[in-house]
Amino acid sequence: MILLNSNAYHIYWLGRYLVRIYNLCEHLPFTQTVQVHEFCQAFALPMYDVTSLNRLLIESAEPFSLKTQLYIVNENVQELRGLLSIQSYAEIRDLIKNVGENPIEIRETVKECAKRLSNENSDIYLFFTLGEQVEMLDTRLRFRENISLLVDEMSHTLNRLIDLGWGELQSFWHAFVQQPYSSAFYILLGKLHIMFEARQ
Amino acid sequence: MAEHEENVWNASDHYIQEQRSHVLLNNTSLSSEKLQTVNLFEQLKSEFFNEMLDDTTFSEESCKKIEQWLSRRTLLELTELNLRAKQHFLYHGITFNVYGDQEGVERTIPFDLIPRVIEKKQWEKIQAGCVQRVKALNQFLYDIYNEQEILKTGLIPAYQVMTHEAYQPLMYKHQIHGKIYSQVSGIDIIRDNQGEFFVLEDNLRTPSGVSYMLESRKISHQLMPDLCQANNLLGIENYPQLLKQTLAANALVDHEPMIVVLTPGRYNSAFYEHAFLAREMDVPLVSSRDLFVQEGNVYIKTIRGKQKVDVIYRRVDDAFLDPLAFRPDSTLGVPGLMACYLQGNVVIANAPGTGVADDKSIYPYVDSMIQFYLNEQPILKNVPTYQCRKKDELDYVLSHLDQLVVKEAQGSGGYGMLIGPQASEQEIDSFKLKLKQSPEAYIAQPTLKLSVAPTLTKEGVAERHIDLRPFVLSSPDRIDIVPGGLTRVAMKQGSLVVNSSQGGGIKDTWIVEALRS
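Residues numbered from 1 in each chain as written. Chains lettered and ligands numbered in written order. Predicted model: local features only at pLDDT ≥ 70, side-chain atom pairs only at ≥ 80, totals over all residues. Heavy atoms only, no water.

J.: Summarise the overall build of chain A; cite the residues concerned and give the values.
T.: Helix and strand counts for chain A come out as 10 helices and zero strands. Its helices and strands in sequence order give chain A the pattern α-α-α-α-α-α-α-α-α-α, from N to C terminus. In terms of overall size, chain A behaves like a compact globule, its C-alpha atoms giving a radius of gyration of 17 Å where 200 residues would be expected to give roughly 16 Å. Its C-alpha atoms give chain A principal-axis dimensions of about 50 × 45 × 25 Å. Looking at chain A as a whole, 51% of its 200 residues qualify as buried. Excluding contacts between residues fewer than 6 apart, the proportion of contacts in chain A whose partners are at least 24 apart in sequence is 62%. Total accessible area on chain A stands at roughly 9500 Å², and carbon and sulfur atoms take up 50% of it. In chain A, which carries 17 positive and 24 negative side-chain charges, the distance between the mean positions of the two groups comes to 2 Å. (Helix = DSSP H or I, 4+ residues; strand = E, 2+ residues; numbered from the N terminus. Rg over C-alpha atoms; globule rule 2.2 N^0.38 Å. Buried < 20%, exposed > 50% of the residue type's maximum accessible area, 1.4 Å probe, protein only. Contact = heavy atoms within 4.5 Å. Areas by Shrake-Rupley, 256 points an atom, 1.4 Å probe, with all protein chains shown as cover. Lys, Arg positive; Asp, Glu negative; His and termini not counted. Charge placed at Lys NZ, Arg CZ, Asp CG, Glu CD.)

J.: Let's hear about the pairing of strand 23 (residues 505-512) of chain B: which residues, and what values?
T.: Residues and elements named next belong to chain B. Most of strand 23 sits out of view: eight of its eight residues are buried. Judged from the six bridges that link them, strand 3 (residues 111-119) and strand 23 form a sheet pairing that is parallel. Looking across to strand 23, one finds that Arg116 is bridged to Thr509. Pairing of strand 22 (residues 486-489) with strand 23 involves three bridges; the strand directions are antiparallel. (Pairing = 2+ DSSP bridges.)

J.: Please set out the confidence of the model for chain B residue by residue, giving values where relevant.
T.: This prediction gives chain B a mean pLDDT of 86; 86% of its residues lie at or above 70. The low-confidence segment residues 1-38 of chain B (pLDDT under 50) makes 129 contacts with residues lying over four places distant or belonging to another chain. (pLDDT = per-residue confidence, 0-100.)

J.: For the pattern of salt bridges, give the residues involved together with the corresponding values.
T.: Taken as a whole and assessed by the stated rule, the structure comprises 35 salt bridges over all chains. A salt bridge links Asp395 of chain B to Lys391 of chain B; its shortest N-O distance comes to 2.9 Å. Here the residue Asp395 of chain B and the residue Lys391 of chain B both occupy positions in helix 13 (residues 391-399), the gap between them amounting to four residues, near one helical turn. Given a relative accessible area of 36%, Asp395 of chain B falls into the partly exposed group. Each member of the salt-bridge network shares a partner with another, and the members are Glu75 and Glu79 of chain A together with Arg266 and Arg289 of chain B. (Salt bridge = Lys/Arg side-chain N within 4 Å of Asp/Glu carboxyl O.)

J.: Can you lay out the nonpolar core for me, pointing to particular residues and giving the numbers?
T.: Counting residues in each nonpolar core, the largest one holds 64 residues, and the members touching the most others are Phe127, Leu130, Leu137, Leu161, Trp166 and Phe176 of chain A. When residues of this core are assigned to their parent elements, the largest contribution, 10 residues, is made by helix 1 (residues 5-27) of chain A. Setting aside residues up to four positions removed in sequence, Phe176 of chain A forms contacts with Leu137, Leu141, Ile147, Val151, Tyr181, Ala184 and Phe185 of chain A. Ala85, Ile259, Val261 and Phe471 of chain B belong to the second largest nonpolar core, which has 56 residues in total. (Core = buried A, V, L, I, M, F, W, Y, C linked by side-chain atoms within 4.5 Å.)

J.: Lay out the environment of Gly93 of chain B with the relevant residues and their values.
T.: Relative to the helices and strands, Gly93 of chain B resides in the loop between helix 3 (75-91) and strand 1 (95-97). Under the relative-accessibility criterion, Gly93 of chain B is labelled buried at 0%. Taking the C-alpha atoms as reference, Gly93 of chain B lies 25 Å from Val184 of chain B; in sequence the two are 91 residues apart. The contact partners of Gly93 of chain B, leaving out residues within four places of it in the chain, are Arg81 and Arg93 of chain A together with Tyr272 of chain B.

J.: Now, about the interface of chain A and chain B: what can you tell me, with residues and values included?
T.: Each side of the interface is counted separately: chain A has 29 residues, and chain B has 31 residues. Buried area between chain A and chain B, both sides added, is near 2600 Å², and the carbon and sulfur share of it is 50%. On inspection of chain A and its partner chain B, the count reaches four salt bridges. Across the pair Arg289 of chain B and Glu79 of chain A runs a salt bridge, and its minimum N-O distance is 3.5 Å. The tally of links between chain A and chain B comes to 16 residue pairs in polar contact (both at pLDDT 80 or more). At the level of elements, helix 1, helix 4 (66-79), helix 5 (86-97) and helix 7 (122-142) of chain A are the ones that each hand at least two residues to the side of chain A that touches chain B. For the side of chain A that touches chain B, the element with the highest residue contribution is helix 5 of chain A, accounting for seven residues. (Buried area = accessible area lost by both parts, 1.4 Å probe. Polar contact = N/O pair within 3.5 Å; in protein donor to acceptor, adjacent residues only side chain to side chain.)

J.: Kindly report on the sheet that holds strand 14 (residues 386-387) of chain B, identifying the contributing residues and their values.
T.: All names here are of chain B. Strands sit in the order 14-17-15-16 across an open sheet of four strands; the sheet is antiparallel. Where the open sheet ends on each side, the last strands, each with one partner, are strand 14 and strand 16 (418-419). Judged from the two bridges that link them, strand 14 and strand 17 (residues 442-446) form a sheet pairing that is antiparallel. Opposite Gln387, over in strand 17, you have Ile443 as the bridge partner.

J.: So what's going on with helix 8 (residues 148-164) of chain A? Residues and values would help.
T.: All names here are of chain A. Look at helix 8: 25 Å from first C-alpha to last across 17 residues, which is about the 24 Å you get at 1.5 Å a residue. Of the positions making up helix 8, those classed as buried are Leu150, Val151, Met154, Thr157, Leu158, Leu161 and Leu164. Around the axis of helix 8, the buried residues are gathered within 125° of arc, so they sit on the same side. Opposite the buried face of helix 8, by more than 90 degrees, sit the exposed residues Leu149, Asp152, His156 and Asp163. Packing partners of the buried residues in helix 8 comprise helix 7 and helix 9 (169-178). (Expected span 1.5 Å × (residues − 1). Arc of directions from axis to C-beta.)

In structure tokens, the structure reads:
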């Protein structure tokens, strides 16, 4: 199977969005103002109150709402139609289409989608894992949590990418490992996104 | 199925006045009873050629076998089987979008459980006729882009070809491997009241529908495993492999060629089919952003670096293939693609410029092409066609508009046509003006009583009009055609429209030697 850069890009973002949705569902519904402020600060949102934020995340069509993010997941799956196996495509599509409304059901759906993608070709799984790890790292940096274990895991993933010929990422990754802050991380991501587009 | 679909709008007077060809099972008590046995199909007898009853190549016993299978089930059971087919389509996303549909609703193509059956010897004639036709059309294409011998004889007016919108000057004197311009062709076939097969249209650009042909067979196996197995159907499942072999055979390289399927993207109504074929052939499905040209070659961008492309099975129209050669505003094509193609560094299937041969204004000449290039008589006839660009034929058409079907020479999807017997006086007068203004843009055909096949409806089994689209695969050394093709059926009572965007459905097509149950 030949994996196109564009396919890899969509798989990567599929990984990112599924983790993003899963993490969001772990917070929902917010019950305490402190939690809400921490969340809003991490994601550079206005300081909503508990009720407003819950409503925006669960019910609305705002860019950061669950509904919008599930829509983006579906969009990415559609772009992968010619690549995913018939069964995976149908099952993931069905899962997203019939996703429940409460955060617990949504988390289960996300887990099921990830399970199906883990059964796909190893190249597909590599980029899916990359997306998952990037999103987890991004979230942990935002909440100032410990990232050392995740950095080790992601090193392994990046080494596999380098074996494919993505060696240009190496210096950016080293720069981030040396100075594991958001700024270096986003420079790394910028390079990664360019490589999806212009790899020749 | 948006590409070059043809509405079968040839209506008969009888059809307009009275439709009496279905079994009415309105009585709700019958919904739990078995369908009427023995004479289930007999009751469908009407003035139309019934594919199941009137084909003398079948033994009467053959027809009874399907009747018996149906009769052993209630209408509810059969309806539920059809519903399972719909659910299968929905679950797998085998849907299509209708252009211009504001809601952007995805629709499934209605599938009818009752197969269309063609006896093997009949099929052999259709097969031979399609192969002959595609051979002649490919030779015609080679000729008009090279020595133009047929034009010199005057058999086909040179003006009509050279000024045709689809004629690609870039292709003039470009040598194509094996002289194959249309590697994938779809021939639309109908049957008249005498059971005679006619070719309604040739599709040489980007014919679609093969994925539905394959899905119909898959569903038939799921819903009627016993009947399918017992009848030893001629297989069609190898189509994707045959297509891949055909594309590979057209390549210009000695090693295993890199083949890609070029799609306009997922908003194209046939995207499902593009994805299906790419996956079944195990080749990349690409859009314009995945391809680039470098030093005269076409490459795809993969995670392991660029890879040279040898064959592009394109499902993008000519005009959008290359913004440097055709429409400059196209974002669906690849800048520089035509330069690579003309240098012989990549194969495009089907070749640019094939559209001139599948146009309705060229269609009337195909019989002549067969005689000219192959020195043979056509095995499959054309529907008689009047070319409005010819004065005497225009005069005839103008004075018989209420009896004819008039179509745009470059139209598709049933738009821009007039169905004389169904048109009002005002519509006819309005169309007369159009014809007088641009006669070269229209052709006309007499109405035909199209054949029908038993089809499951809410009320029971009823007759519905059908057509057939076999798919022909051409490479320099051989021509392949999988048995059958796609049968399209007009699902609505009284309708002759098989177009999927207007409610047309599909049936599985069985080629058998003798039916068994």
